[in-house]
Amino acid sequence: TDLSETYIPSRLLLSEIQINKGLFNAAIQTLLALQKEHRLNFTIKTALIKVYLSSYKLDDALRELRSIRNSQFSRTGDYASLWGQYYLARKNNYHAIKYFQKSVKMDPINDMNYFELAGIFLKIRKYKLAKQNIGKAIEIDPTNVKYRSLYSKILYELEDVSTSIGYLRAQLKIFPDNPMLISNIAINYFKSGQAKEFERYSKKISKLSKKDDSFYKFLIKSSKMDERFGDVIKYSKELIKLKPGDLK
């Protein structure tokens, strides 16, 4: 950005880095300054709305969404998807599903919409619909490990722990040493009461150079349930180091 202040992609990337570091106000200022220079650029507007959503400034996100409802962009699948993300942040599953499905009709090759729908359906225990949607996401982008991870969680609910673990092990052959896949195997072993296997996979995770945030979230949740509050603090600190931009 120092070399070229007019190059939009570098300034968008700067805001993305600021978000990941938890510097939300700095990211917002970066995007607001950029928006003043390029008022009709909807890539910038989209990035700004997403920052407002990730920083829980939901009223600001709503204001921005409404400000472009009569624009040409409002007739795109991306705009409908932003409304879906807004309602997801508001924990309004009904409207989130409605807008993600609207986005899918307008743009049937946007895999993220199917992923979001699968996540909501899993949450509300509509497992067959969850499986159907994540299957479509995987078809569009078979290299996305997040999609494979969610599919394993759906298998856990629809079938059993062995099927879920078997699927994850098969994926590890395609994506060796992937921290998300290994974390999910460990979590499955914990849920099914297989303590030795859980410990074995936990040690594998500790040796990886790259960590997965979902594993620490699970450890925090299980520590709370067992009232091991010292561990809650310990794992929360580890999670903050790993994901400083995750306000939750």
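A quick note: this is a predicted structure, and the numbers were derived from the prediction, not measured. (Residues numbered from 1 in each chain as written. Predicted model: local features only at pLDDT ≥ 70, side-chain atom pairs only at ≥ 80, totals over all residues. Heavy atoms only, no water.)

A. Structural context of the overall build of the protein chain. Each helix and strand in the protein chain was counted, giving 14 helices and 0 strands. If you list the helices and strands of the protein chain from N to C, you get α-α-α-α-α-α-α-α-α-α-α-α-α-α. Against the 2.2 N^0.38 benchmark of 18 Å for 248 residues, the protein chain shows a C-alpha radius of gyration of 20 Å, consistent with a compact globule. Seen along its three principal axes, the alpha-carbon backbone of the protein chain occupies a region of about 60 × 40 × 35 Å. For the protein chain, buried positions account for 45% of its 248 residues. The long-range share in the protein chain, meaning contacts at least 24 apart out of those at least 6 apart in sequence, stands at 45%. Summed over its atoms, the accessible surface of the protein chain is roughly 14500 Å², and 53% of this surface lies on carbon and sulfur atoms. Each charge class in the protein chain can be summarised by its mean position, and for the 44 positive and 26 negative side chains these summaries are 3 Å apart. (Helix = DSSP H or I, 4+ residues; strand = E, 2+ residues; numbered from the N terminus. Rg over C-alpha atoms; globule rule 2.2 N^0.38 Å. Buried < 20%, exposed > 50% of the residue type's maximum accessible area, 1.4 Å probe, protein only. Contact = heavy atoms within 4.5 Å. Areas by Shrake-Rupley, 256 points an atom, 1.4 Å probe, with all protein chains shown as cover. Lys, Arg positive; Asp, Glu negative; His and termini not counted. Charge placed at Lys NZ, Arg CZ, Asp CG, Glu CD.)

B. Looking closely at the pattern of salt bridges. Enumeration according to the criterion identifies 12 salt bridges in this entry. Across the salt bridge formed by D246 and K217, the nearest N and O atoms sit 3.4 Å from each other. Placement of D246 in the segment after α14 (229-242) and of K217 in helix α13 (residues 213-225) is noted, with a sequence separation of 29 residues between them. Across the salt bridge formed by K241 and E238, the nearest N and O atoms sit 3.7 Å from each other. Here K241 pairs with E238, and both are found in helix α14, just 3 residues apart, close to one helical turn. (Salt bridge = Lys/Arg side-chain N within 4 Å of Asp/Glu carboxyl O.)

C. Spatial organisation of unusual backbone geometry. One non-glycine residue, Y56, lies in positive phi territory at about 60°. Structurally, the position occupied by Y56 is in the loop between α3 (42-54) and α4 (58-67). Residue classification places Y56 among the partly exposed residues on the basis of a relative accessible area of 45%. A positive phi is found at E227, a non-glycine position, where the angle reads about 60°.

D. Layout of the packing of aromatic side chains. Evaluation of the coordinates by the stated rule reveals 15 aromatic pairs. Consider the rings of F115 and Y147, whose centres lie 5.2 Å apart with planes at 35°: the pair is tilted. Here F115 is found in helix α7 (residues 111-123), whereas its partner Y147 is found in helix α9 (residues 145-158), with 32 residues between them in sequence. Classification of F115 by relative accessible area gives buried; the value is 15%. Three or more aromatic residues joined by ring pairs form one cluster here, namely F42, F73, Y79, W83, Y86, Y87 and Y99. Sitting over the face of the ring of Y156, K191 holds its NZ or CZ atom 4.9 Å from the ring centroid. (Phe/Tyr/Trp six-rings, centres within 6.5 Å; stacked < 30°, edge-to-face > 60°. Lys NZ or Arg CZ within 6 Å of the ring centre and 35° of its normal.)

E. Main features of the packing of helix α11 (residues 179-191) against α13. Where α11 meets α13, the axes come as close as 9 Å, and the angle between the chain directions of the two elements is 20°. With respect to each other, α11 and α13 are oriented roughly parallel. Taken as a pair, α11 and α13 cross one another with a handedness that is left-handed. Facing α11, whose interface residues are S183, N184, A186, I187, F190 and K191, α13 presents S214, F215, F218 and S222. Looking at the contact of α11 with α13 residue by residue, the classes come out as 5 nonpolar, 4 polar and 1 charged. (Axes fitted to C-alpha atoms, helices over the stretch in contact; angles between N-to-C directions. Parallel < 35°, antiparallel > 145°, perpendicular 65-115°, else oblique. Left-handed = near helix turned anticlockwise from the far one by under 90°. Nonpolar A, V, L, I, M, F, W, Y, C, P; charged D, E, K, R; others polar.)

F. Representation of α3 in the model. Between its first and last C-alpha atoms α3 spans 18 Å; for 13 residues at 1.5 Å apiece the expected length is 18 Å, and the two agree. Every buried residue of α3 is accounted for by I44, K45, T46, A47, L48, I49, V51, Y52 and L53. Buried positions along α3 lie against α1 (8-20), α2 (24-37), α4 and α5 (77-89). Just downstream of α3, Y56 is the residue with a positive phi angle, here 60°. (Expected span 1.5 Å × (residues − 1).)

G. Quick look at the nonpolar core. With 49 residues, the main nonpolar core has W83, Y86 and I134 as its most contacted residues. Non-local contacts of I134, meaning those with residues more than four positions away in its chain, are made with Y114, F115, A118, Y147, L150, Y151 and I154. One finds L181, I185, L208 and L239 within the second-largest nonpolar core, a separate group that totals 25 residues. (Core = buried A, V, L, I, M, F, W, Y, C linked by side-chain atoms within 4.5 Å.)

H. Here's a closer look at helix α12 (residues 195-207). End to end, α12 covers 19 Å across 13 residues, agreeing with the expected 18 Å (1.5 Å per residue, within 8%). For α12, the full list of buried residues reads F198, Y201, S202 and I205. Projected down its long axis, α12 carries its buried residues within an arc of 110°, all on one side. Projecting away from the buried face of α12 at angles above 90 degrees are the exposed residues K196, K203 and K207. (Arc of directions from axis to C-beta.)

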